[in-house]
Amino acid sequence: MKPIQEIYPLLTEMRKIVITTHQKPDADAMGSSLAMYHFLKQFGHTVTVVSPTNWAKWIDWMPGSRQVIDFDMNNEKANEVLNSAEWLFCLDFNTFHRTKTMTERLKELKCTKILIDHHQEPDAVSFDYGISDAAKSSTCEMVYDIIVESGHAGRINEEIAECIYAGVVADTGSFRFASTTNKVHELVADLKSRGLNHAKVHDSLFDNFLENRLRFTGHVLLHRMQVFYEYNTVLIAIPKSDLLKFHVKTGDTEGLVNYPQSIQGIKLVAVVIDRDEERKWSFRSKGDFDCNTFARKYFDGGGHYNASGGKSNDPLDETVRKFKEAIKENQSLLQ
Ligand code: 5GP
Ligand code: MN
């Protein structure tokens, strides 16, 4: 993988460009993709964002989201743009299998592939150019850096600023995680000076849900949360019946994993959701417990040091049993 800087001189040559991200894109995935979309369009490129799957309704406010093609839903159109792509930007993931049903399509594409990502252990040989930096708060921060470093800061308009800010806020837990460096705050100051309405973005991200989501959260915290004080761990296991009862949609479960972190002394929080296709795990830790290694070792996943995810094909009961064994094995690290 050659350094991302090598594409800067090529930005002014017209191309057909596709931008893609991981399945079920979150605010950083969609924000970085759309910020890049609005940036590249200014050069006159033909740019399309293709998402492997659908995304949460509350992300629809992002400027440009209506133009995004859902590979699952609109397969023919997505394949058409992928076939004619000269450049493929891969944002907020670093191995093709995080795009689920799009994986084989992306592998076989012959176009130039460019990685921009902040997760650990990138599959660097699969990309022609790129940057992978696990120290960065978010992929949105990396897109901002690229725009500025390539000499195009003047192109940051309101749309780009909103998309970047949304991803940074989401991936830093509203500026609380350790990844929030002075550079992140400087980025925000710069976006503000370019006209960012940050209150509007917060409103769109956090005060934009339906009643059922709040009631679902209350139900889950009361009835599905288990606290294991001997391991400083909280587990929330959500059966399919809860998802049906509260009409839970894509994205409604996001953020749930953050609530138990407010309990004094908790080091690890795990949420598992009984989805149709798999049992999906989310892990968050505080301090020196490595969620990335934990997710890789026990649940076929990965991510960051303090935030990771994984999956299991076992039934819910069985994957919960394995989790309990895993925290027992890790007891010394959790104290
Ligand atoms: P979340 O819990 O918000 O879904 O994911 C937390 C972090 O872990 C995100 O950065 C996400 O990209 C990563 N992640 C989630 N699930 C998986 C997975 O199955 N495999 C890998 N490698 N990373 C994951
Ligand atoms: Mn991210």
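Residues numbered from 1 in each chain as written. Chains lettered and ligands numbered in written order. Predicted model: local features only at pLDDT ≥ 70, side-chain atom pairs only at ≥ 80, totals over all residues. Heavy atoms only, no water.

K.L.:
Explain the layout of surface pockets to me, using residue names and the numbers behind them.
P.N.:
Approximately 340 Å³ is the volume found for the second largest pocket. Along the walls of the second largest pocket sit 15 residues, with Lys57, Leu210, Lys249, Thr250 and Asp252 positioned nearest its centre. Formed jointly, the lining of the second largest pocket draws a minimum of three residues from each of two domains, domain 1 (2–206) and domain 2 (211–334). (1 Å grid on protein atoms, 1.4 Å probe; cavity = no way out; pocket = protein on both sides within 12 Å on 5 of 7 lines; lining within 4 Å. Points joined across faces, edges and corners; volume = space filled by probe spheres on them. Domains from an automatic or database assignment.)

K.L.:
Could you give me a rundown of the pattern of salt bridges, with the residues and numbers involved?
P.N.:
With the rule as written, the count across this model stands at 21 salt bridges. A salt bridge links Lys107 to Glu104, with the shortest nitrogen-to-oxygen separation between them at 3.7 Å. Linking Lys107 with Glu104, this pair stays in helix H3 (residues 103–108), spanning three residues, or about one helical turn. With a relative accessible area of 48%, Lys107 lands in the partly exposed category. (Salt bridge = Lys/Arg side-chain N within 4 Å of Asp/Glu carboxyl O. Helix = DSSP H or I, 4+ residues; strand = E, 2+ residues; numbered from the N terminus. Buried < 20%, exposed > 50% of the residue type's maximum accessible area, 1.4 Å probe, protein only.)

K.L.:
Help me get a handle on the sheet that holds strand E11 (residues 279–285), residues and values and all.
P.N.:
Within the open sheet, the six strands sit side by side as E8-E9-E10-E11-E13-E12. Their pairing is mixed. Of all strands in the sheet, those bounded by a partner on one side alone are strand E8 (225–228) and strand E12 (302–303). Of the strand pairs in this sheet, strand E10 (residues 268–274) and E11 are connected by seven bridges, and their pairing is antiparallel. Counted as the bridge partner of Val272 is Trp281 from E11. (Pairing = 2+ DSSP bridges.)

K.L.:
Account for the sheet that holds strand E3 (residues 46–51), with residues named and values stated.
P.N.:
Across the sheet, seven strands lie side by side as E1-E7-E6-E5-E2-E3-E4; this open sheet has parallel pairing. Each end of this open sheet is capped by a strand with a single partner; those strands are strand E1 (2–3) and strand E4 (69–70). Direction of pairing for strand E6 (residues 112–117) relative to strand E7 (residues 129–132): parallel, over a ladder of four bridges. Following the sheet pairing, Ile116 is matched in E7 by Ile131. Most of the contacts of helix H1 (residues 27–41) go to strand E2 (residues 16–21), to which it runs at about 165°, and overall it touches E2, E3, strand E5 (87–91) and E6. (Contact = heavy atoms within 4.5 Å. Axes fitted to C-alpha atoms, helices over the stretch in contact; angles between N-to-C directions.)

K.L.:
Explain the site of ligand 1 residue by residue, including any values.
P.N.:
Ligand 1 sits among 14 residues. The nearest are Arg98, His119, Lys280, Ser282 and Arg284. The side chain of His119 places a nitrogen or oxygen atom 2.7 Å from an oxygen atom of ligand 1. A distance of 3.1 Å separates a nitrogen atom of ligand 1 from a polar atom in the backbone of Gly302. Protein contacts shield 82% of the accessible area of ligand 1, which totals 500 Å² for the unbound molecule. Looking at the shell around ligand 1 element by element, the count peaks at five residues for strand E13 (residues 307–312). Taken together, the residues of the shell around ligand 1 sort by class into one nonpolar, nine polar and four charged. (Near = heavy atom within 4 Å. Polar contact = N/O pair within 3.5 Å; in protein donor to acceptor, adjacent residues only side chain to side chain. Areas by Shrake-Rupley, 256 points an atom, 1.4 Å probe, with all protein chains shown as cover. Nonpolar A, V, L, I, M, F, W, Y, C, P; charged D, E, K, R; others polar.)

K.L.:
Just give me the short version of the domain arrangement of the chain, but keep the residues and values in it.
P.N.:
When the domains of the chain are assigned, the result is domain 1 (2–206) and domain 2 (211–334). Just the C-alpha atoms count here: the centres of domain 1 and domain 2 sit 27 Å apart. In this assembly, 13 residues from domain 1 lie in contact with 10 residues from domain 2. In total, about 1,200 Å² of surface goes out of reach between domain 1 and domain 2, with carbon and sulfur atoms giving 42% of it. When the buried surface of domain 1 facing domain 2 is broken down by residue, Trp58, Lys100 and Gln120 rank first, second and third, together holding 37% of it. At the surface where domain 1 touches domain 2, the tally comes to two salt bridges. Close ionic contact of Arg296 with Glu121 constitutes a salt bridge, the shortest N to O distance being 3.4 Å. If you look at where domain 1 meets domain 2, you find eight residue pairs in polar contact (both at pLDDT 80 or more). Partitioned by chemical class, the residues of the side of domain 1 that touches domain 2 number three nonpolar, four polar and six charged. (Buried area = accessible area lost by both parts, 1.4 Å probe.)

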